[in-house]
Amino acid sequence: MSFSEYGGDTLHGPAYGPTSHSTAASSTPSSSSAFRHVVPSRQIVERQPRMLDFRVEYRDRNVDVVLEDSSTVGDIKHILENELQIPATKMLLKGWKTGDVDDSTVLKTLHLPKNNSLYVLTPDLPPPSSSHSGALQESLNQNFMLIVTHREVQREYNLNFSGSSTIQEMTLAVSGLTFPCHRLTVGRRSSPVQTREQSEEQCTDVHMVSDSDGDDFEDATEFGVDDGEMFGVASSALRKSPMMPENAENEGDALLQFTAEFSSRYGDCHPVYFIGSLEAAFQEAFYGKARDRKLLAIYLHHDESVLTNVFCSQMLCAESIVSYLSQNFITWAWDMTKEANRARFLTMCTRHFGSVVAQTIRTQKTDQFPLFLIIMGKRSSNEVLNVIQGNTTVDELMMRLMAAMEIFSAQQQEDIKDEDEREARENVKREQDEAYRISLEADRAKREAQEREMAEQFRLEQIRKEQEEEREAIRLSLEQSLPPEPKEESTESVSKLRIRTPSGEFFERRFLASSKLQVVFDFVASKGYPWEEYKLLGTFPRRDVTQLDPNKSLLEVKLYPQETLFLEAKE
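Described in the following lines is the structure provided in the data block. (Residues numbered from 1 in each chain as written. Predicted model: local features only at pLDDT ≥ 70, side-chain atom pairs only at ≥ 80, totals over all residues. Heavy atoms only, no water.)

Before going further, it helps to examine the overall build of the protein chain. The number of helices and strands found in the protein chain is eleven helices and 24 strands. Residues classed as buried in the protein chain amount to 44% of the 571 residues present. Of the accessible surface of the protein chain, which amounts to about 30200 Å², a share of 49% is contributed by carbon and sulfur atoms. (Helix = DSSP H or I, 4+ residues; strand = E, 2+ residues; numbered from the N terminus. Buried < 20%, exposed > 50% of the residue type's maximum accessible area, 1.4 Å probe, protein only. Areas by Shrake-Rupley, 256 points an atom, 1.4 Å probe, with all protein chains shown as cover.)

This is how it looks when you write it as C-alpha cells:
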C-alpha cells in the first residue's frame, strides 16, 4: 500500500487557513500585528490599565482607535460613530477572536493582544455607488491563487479561491490581496516574554506573512492555532468541543458526537456517517445479499492537520462526493486527534485489516491527515483498496472513489453470479427435498390407510365370527329344543311342510298338527334362517306366515295336512 506525498497540488474551492487582516484597497496604508494566544496567569496581581490599539476597517477607510482595556466594545462603536458618521446601532463590529461579544463586553475580558484588526459591517445601510458596486462584483467573480509556503516542512500549497470566499466575513475581493496571485509564508514560533496575565506555560502560534505591504496573517486554523476565523468559519467555534470524546466507551455515542460536531463546523451537507461500531459497519456493508453490499469508507479525522479544514469543507462536503458516497458506500468515521482514540483505532485496524495496514496508518504524519480508507469485503478477509490522503482535489477524490467502485463492481458481479448459482442449487435441492418429503408423506399416509383398513377388516371379521358363533350357538340350541319329528305312521294328526330356501333348495319335515307355529319358526332358524331376518310365505293364498300368531297351532293357521312355503329375506 502506497501513500502519495504532499506536493504542489492545487486545491480548488475555499480552504480553511490562516486568518488575514489586510486593507480593502492596496493603495490604502495598512498595519499588522502578530496575535499570540496566552493563558491567564494562575496568580492575579494588581496592574496598571493596559492600552490597546485597534485598526478598524470600513469599506475603503481605516480608523485607528486607542483605548484602555477597561473600556467596552460600545466605547469603540461610539468613537467610530463620530469618525464614520454611522449610527452605532447600525454597526456590526467583527473580527473578534472570541465567540460572544456585545456592546457591554469589557475589553480586558477578551485577553486581546496590544494590536488588533477589526472591521465594520453595515447590512442595514444602502450599498456604495453603482460604479463601485460594479467593480466589486467583478472582483467577486475573479479567482485568487494563494501560494502558502510552510517553513518547517518546506512545502508549498497552491490554493484557488473565488473572490467571494470570505476571511472573517470579509471577501477576498475587498481584503487587499494581490490579484491574481498572492504569496503567504507560514511558520510556528514560540511566544515572546510573557506578561503578568499570561500563563507560566509556553504556548506557540502560527505567524503567516503576506507578500503585499508586509501584512501579517496570524492564528491560522489550518496550521494548528485555536483562534481566528478563516473563510467564513470561526475556528473558535471549531475548537469549543472535540470531534469525539476521549476514551469513549461506546463507539455509537462517539459517532453521534462526531456527526453533530462535523455538522456544526462544516454544515449539514456532508456524508451520512454510520452510527455504530466498526464491526456493525462491516455487517451493514459486507454481509447482506450480494446485490445490497457496498464499499466501506473510513474517514480518519485529525484536527491538528493543516489539510483537515480544506478536505472537509471542499472535498468531503462537496455535493458530488456526498451523493456518490451515499449511493455506493457505507461511511464510518473516527477522530485520530487524541492519542487514546488513535490507539483504539489502531487496535481495531490490526484486528480487522492486519498489522501491515495498522503500521502504515501509524507511520502517517499529522500533516498527511485526514485519511480516507476504502475497504472491500471479501470472502476470507477485508481488503483495503485505497488510502486517500488529505492533499487531494475533488476531481482526484472522485476518480479514486470511482476506481474503487470499478474493482468492487467486478467483484460484486462475480459474487452475484455465485450467489444466484448457489440459490439455484439450493432451490433445486429444496424442491427435491420437498418432493421427497411429499412422497414420504404420501407413502406414510398410504401405509396408515392400509393399516387402518386391515384393522377395520380384522375388526369386522372378528364381529362376523362372533356373530356366526352366536348364531350357530342359537341354531344348535333351537335344534336341540325342537320336539322330535313324528313318524309317518303316527296315529296323531301330522302336518307335512315343504320349505324352499332363497337359494332354491328344499327341506321337509313333519310336525304334529297340534304343534305351535313357533316350532316351525324354530325349525327354520335351526337351518340358518332366523325369522328376524327372513319371512316365511305361503303360496295359496299368498300370505306372510311370520306375521301370524306364533302361539297358534298349525291346524289353526291352516298349515295342515301339508303345505309348501317359501323363505324370503326381509328388506
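This part takes up the pairing of strand β21 (residues 506-512). Of the two faces of β21, only one is covered, namely that formed by Phe507, Arg509 and Phe511; the face formed by Phe506, Glu508, Arg510 and Leu512 stays uncovered. Examined bridge by bridge, strand β20 (residues 494-500) and β21 share seven bridges and lie antiparallel to one another. Paired with Arg498 across the bridge in β21 is Glu508. Linking β20 back to β21 in an antiparallel pair, the connection comprises five residues, with Gly504 at a positive phi of about 95°. (Pairing = 2+ DSSP bridges.)

Time to look at the packing of aromatic side chains. Any pair of aromatic rings gets described here by the distance separating the centres and the angle formed by the planes. This structure, assessed with the given rule, holds 20 aromatic pairs. Centre to centre, the rings of Phe282 and Phe286 are 5.6 Å apart; their planes meet at 20°, and the pair counts as stacked. Of the two residues, Phe282 and Phe286 are both situated in helix α5 (residues 278-286); the distance of four residues between them amounts to about one turn of the helix. Assigned by exposure class, Phe282 and Phe286 land together as buried. Between Tyr529 and Tyr534 the ring centres are 5.0 Å apart and the planes differ by 80°, which places this aromatic pair in the edge-to-face class. Just as Tyr529 is buried, Tyr534 falls in that class too. (Phe/Tyr/Trp six-rings, centres within 6.5 Å; stacked < 30°, edge-to-face > 60°.)

The next point concerns the sheet that holds β20. To summarise the sheet geometry, strands pair through backbone hydrogen bonds and adopt either a parallel or an antiparallel arrangement. Spatially, five strands are ordered β21-β20-β24-β22-β23 in an open sheet, and the strand pairing comes out mixed. Strands at the two margins of the open sheet, each flanked by one partner only, are β21 and β23 (543-544). Along the sheet, helix α11 (residues 517-526) contacts β20, β21, β22 (534-538) and β24 (562-569); its crossing angle with β21, the most-contacted strand, is approximately 150°. (Contact = heavy atoms within 4.5 Å. Axes fitted to C-alpha atoms, helices over the stretch in contact; angles between N-to-C directions.)

What follows is about the state of the cysteines. Here, the word disulfide means a covalent bond between the sulfur atoms of two cysteines. One pass over the full model with this rule turns up zero disulfides. As a non-bridged cysteine, Cys269 has Cys317 as the owner of its nearest cysteine sulfur, 6.4 Å distant. With no disulfide of its own, Cys312 lies closest to Cys317 among cysteine sulfurs, the gap being 6.5 Å. Looking at Cys312, the relative accessible area reads 0%, which means it is buried. (Disulfide = S-S within 2.5 Å.)

In this structure, the amide linkage connecting Phe369 to the following residue, Pro370, adopts the cis form with an omega of -5°. By the secondary structure assignment, Pro370 is in the loop between α9 (355-362) and β18 (371-377). With an omega of 5°, the peptide bond between Tyr560 and Pro561 qualifies as cis. Looking at the secondary structure, you find Pro561 in the loop between β23 and β24.

Further remarks concern α9. Within the sequence span of α9, burial applies to Val357, Ala358, Thr360 and Ile361. Projected down its long axis, α9 shows its buried positions confined to an angular sector of 160°, all on one face. Structural note: α9 exposes Ser355 and Val356 on the side pointing more than 90 degrees away from its buried face. Buried residues along α9 sit against β16 (295-301), α8 (339-353), β18 and β19 (382-389). (Arc of directions from axis to C-beta.)

Here the structure, examined in full by the defined rule, presents 26 salt bridges. Where Glu468 meets Arg464, a salt bridge forms, and the shortest distance between an N and an O atom there is 2.3 Å. Residue Glu468 and its partner Arg464 are both found in helix α10 (residues 394-481); the two are separated by four residues, about one turn of the helix. What makes Glu468 partly exposed here is its relative accessible area of 42%. Here Arg498 and Glu508 are joined by a salt bridge, their closest N and O atoms 3.1 Å apart. Of this pair, Arg498 sits in strand β20 while Glu508 sits in strand β21, placing them ten residues apart in sequence. For Arg498, a relative accessible area of 34% corresponds to the partly exposed category. Residue Glu508 is classed as partly exposed on the basis of its relative accessible area of 44%. (Salt bridge = Lys/Arg side-chain N within 4 Å of Asp/Glu carboxyl O.)

All right, on to the packing of helix α7 (residues 319-328) against α10 then. For the pair α7 and α10, interaxial distance at closest approach is 10 Å and the crossing angle is 15°. If you check the angle between α7 and α10, you find them roughly parallel. Two packed elements cross with a definite hand, and for α7 against α10 that hand is left-handed. Residues Ser320, Ile321, Tyr324, Leu325 and Asn328 of α7 form the contact with α10, whose participating residues are Val394, Leu397, Met398, Leu401, Met402 and Met405. Class assignment of the residues belonging to the contact of α7 with α10 gives a composition of nine nonpolar, two polar and no charged. (Parallel < 35°, antiparallel > 145°, perpendicular 65-115°, else oblique. Left-handed = near helix turned anticlockwise from the far one by under 90°. Nonpolar A, V, L, I, M, F, W, Y, C, P; charged D, E, K, R; others polar.)

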